[in-house]
Amino acid sequence: MSASSVAERWVDGTAGMTRPSNVVWCDGSKQEYDRLIEQMLRDGTLLALNARTYPNCYLHRSHPSDVARTEQLTFICTRTRDDAGPTNNWMAPAEAKAKAGQYLNGAMRGRTMYVIPYLMGPAGSAMSRTGIMVTDSAYVVASMHIMARVGDVAIKAMRSDDDFIAGVHSLGDLSPERRLILHFPEEKTIWSVGSGYGGNALLGKKCHALRLGSWQARQEGWLAEHMLIIGVEDPQGEITYIAAAMPSASGKTNLAMAVSSLPGWRVWTVGDDIAWIHVDANGQLRAINPERGFFGVAPNTSPKTNPNATAMVKSNTIFTNVALTTDRGVWWEDMTDTPPSECLDWRGKKWTPEIAKETGARAAHPNARFTAPASQCPTIDPAWEDPEGVPISALIFGGRRASTLPLIYQAFNWSSGVYLGATMGSEMTAAAAGTIGKVRRDPMAMLPFCGYHMGDYFRHWIKMQRSLSVSPRIFHVNWFRKGADGKFIWPGYSENMRVLKWIVDRARVRAKARETAIGWVPEYSDMEWKGLDFSEAQFDELQKIERSAWKHEVIDHEELFIELHDHLPKEMVYERELLICRL
Ligand code: GTP
Ligand code: SPV
Ligand code: MN
């Protein structure tokens with residue numbers, strides 16, 4: 001493996017700081033993966049699952065205080081605080097390096113430092129980008145093998161000697177007191193220490209593809225978004241591609257792999273978490289999935305909710321923080337109707353339904369995950385690795401809201417659509433440490449992932465329209481509205497196809513809608529109801545737009561706008577005023 005002289009010098013410098021006992025350049029081969037797995041089975045990092053029922057599958061138990069992204073320990077380290085903006089934690093670059101340097105100096109003593117050149121995006125795509133990360137965690141290397149394209153393919157894609165994002169990762173001592181996830185967009189550098197979990201440690205994902213990606217995207221005129229990508233095929237065999245932003249643990253993987261409840265309609269999976277979206281020479285949006293695998297939420301994944309994911313994780317999968325059954329299979333809450341009579345919970349302690357009833361102990365951690373190759377998804381789109389990406393005709397924003405937000409509405413136009421995305425709110429989930437259930441503004445589902453000033457991000461979105469020949473239609477969905485009984489009104493999952501159908505038909509200008517204060521909505525008769533017993537009264541409850549609740553909503557929007565004040569594009573202020581008038 002040979003890299004550029006810039007990369008080699010950077011790796012040498014990093015080894016000088018972290019002092020590993022040896023340095024290994026990764027080539028991304030199967031032999032390398034197998035060696036890593038063997039080593040982790042020996043040292044207990046992984047447990048082998050039943051080779052017959054779960055071939056090449058493994059269980060990893062993370063440190064109990066290292067089970068989710070830690071947003072409060074995540075920083076954007078730009079020279080000026082204003083460039084990071086008020087929605088990001090900020091630290092001055094020198095201070096950040098001094099602080100993390102204390103934890104990283106000598107951190108790899110006695111350990112191997114793996115150097116992982118990785119490519120985000122398909123080989124041969126002008127939209128793909130290279131990163132090189134070092135890590136002292138074999139689990140991170142194996143996970144990167146699944147989640148990104150590792151090895152020579154990444155080096156070959158570099159457009160110049162210094163065309164890579166440089167990432168330093170060390171487990172440190174896994175203590176949250178000595179954990180920092182630092183981004184230096186001006187230096188194209190990431191430093192992450194003290195966590196081995198998901199988005200904190202697999203640096204290609206949130207750190208590179210979103211935080212630094214969004215920074216590069218603004219400079220280069222494209223979008224790096226927290227979005228799934230799907231192709232929706234209609235009964236005529238035509239495919240309409242859609243990208244959808246939803247906050248963490250709010251339904252992207254499930255929608256990306258949805259099994260249609262409507263005959264003749266189906267969903268093809270391109271990506272489940274991140275979309276890099278460019279404008280092509282004809283003014284059409286085109287998207288690639290920069291990832292190569294799925295790091296999905298395990299709890300609730302079942303043959304009923306997500307049969308594709310269920311099939312996908314039967315082989316070549318690494319599970320993290322799920323329960324281990326007595327026949328060395330895996331289990332998590334709501335995987336099956338009846339829980340196993342006994343298993344080991346995500347920490348390796350005995351768990352039974354009786355213990356759960358008594359103590360409330362969970363078998364799997366709520367943020368337990370699977371890491372599986374995208375190619376194993378039964379609905380993977382034949383075009384998922386097309387270097388040209390797929391053409392995007394509609395964008396969806398989706399929050400997790402128990403009240404106020406209807407199942408579906410469509411923005412009037414691009415700028416009202418940007419307003420809709422910019423002001424979206426969602427209840428917090430277990431994907432990040434924090435107050436679960438509390439509604440927070442999560443603009444475009446990018447609050448934890450936008451690498452620069454959120455006001456400038458909105459400006460960038462507004463500006464993107466200038467280069468488009470056709471604006472994609474923009475929609476908002478909410479699968480999570482609850483009725484008076486506290487239960488979800490909408491059945492969700494495969495029934496979401498009914499909503500997708502209306503969206504596709506609107507994008508193709510063949511479905512009707514009614515104008516409301518907040519946007520266009522379908523009438524009951526505009527939706528396909530065959531095969532589902534869902535009354536007009538239920539639909540009305542789901543679609544209700546209450547003016548008083550919306551006035552509160554708009555006050556909440558103002559709080560965000562005040563925070564962003566001088567960076568906010570004027571279009572956002574107009575859109576808010578228009579909404580107030582219409583309400
Ligand atoms: P990240 O990987 O964290 O970005 O999450 P995600 O957005 O991919 O979320 P995912 O699809 O894994 O869903 C998270 C949770 O939402 C799971 O518990 C799902 O069962 C639940 N969920 C997904 N879709 C629906 C739906 O249509 N209705 C309901 N009620 N719950 C859903
Ligand atoms: C998310 O939290 O949005 C995830 C999981 O996709 S992680 O990779 O940990 O960020
Ligand atoms: Mn995500």
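Residues numbered from 1 in each chain as written. Chains lettered and ligands numbered in written order. Predicted model: local features only at pLDDT ≥ 70, side-chain atom pairs only at ≥ 80, totals over all residues. Heavy atoms only, no water.

Let's talk about the layout of surface pockets
Argument step 1. Considering only enclosed or pocket space, the largest pocket measures out at about 1200 Å³ in volume.
Argument step 2. Those elements giving two or more residues to the lining of the largest pocket turn out to be helix H7 (198-201), helix H8 (204-220), helix H9 (252-256), strand E17 (293-297) and strand E23 (369-373).
Argument step 3. Ranked by the residues each element gives to the lining of the largest pocket, the list is headed by H9, at 4 residues.
Argument step 4. Looking at side-chain class alone, the lining of the largest pocket contains 21 nonpolar, 16 polar and 13 charged residues.
Argument step 5. Reported here for the second largest pocket is a volume of approximately 410 Å³.
Argument step 6. Considering the residues around the second largest pocket, the lining is formed by 18 residues, among which Lys-30, Tyr-33, Asp-34, His-145 and Ile-146 are closest to the centre.
Argument step 7. Sorting the residues of the lining of the second largest pocket by element identifies helix H2 (30-43), helix H5 (138-147) and strand E7 (149-150) as the ones contributing at least two each.
Argument step 8. The element that contributes the greatest number of residues to the lining of the second largest pocket is H2, accounting for 6 residues.
Argument step 9. Residues that form the lining of the second largest pocket fall into these classes: 8 nonpolar, 5 polar and 5 charged. (1 Å grid on protein atoms, 1.4 Å probe; cavity = no way out; pocket = protein on both sides within 12 Å on 5 of 7 lines; lining within 4 Å. Points joined across faces, edges and corners; volume = space filled by probe spheres on them. Helix = DSSP H or I, 4+ residues; strand = E, 2+ residues; numbered from the N terminus. Nonpolar A, V, L, I, M, F, W, Y, C, P; charged D, E, K, R; others polar.)

Concerning the coordination of the manganese ion (ligand 3)
Argument step 1. For the manganese ion (ligand 3), the full set of protein donor atoms is Lys-206 (NZ), His-226 (NE2) and Asp-273 (OD), and the range of their distances to it is 2.0 to 2.6 Å.
Argument step 2. Coordination geometry of the manganese ion (ligand 3): the 6 donor atoms subtend angles of 62 to 171° at the metal centre, consistent with an arrangement described as irregular.
Argument step 3. Sequence positions of the residues that donate to the manganese ion (ligand 3) give the spacing K-x19-H-x46-D. Residue His-226 is located in the loop between strand E11 (223-225) and strand E12 (227-233), and its partner Asp-273 is located in the loop between strand E14 (266-271) and strand E15 (275-279); the two are separated by 47 residues in the primary sequence. Accessibility assignment for this pair places His-226 and Asp-273 in one class, buried. (Donors = N, O, S within 2.8 Å, 3.2 Å for Na, K, Ca; no water. Tetrahedral: all angles 85-135°; square planar, octahedral: opposite > 155°, others 65-115°. Buried < 20%, exposed > 50% of the residue type's maximum accessible area, 1.4 Å probe, protein only.)

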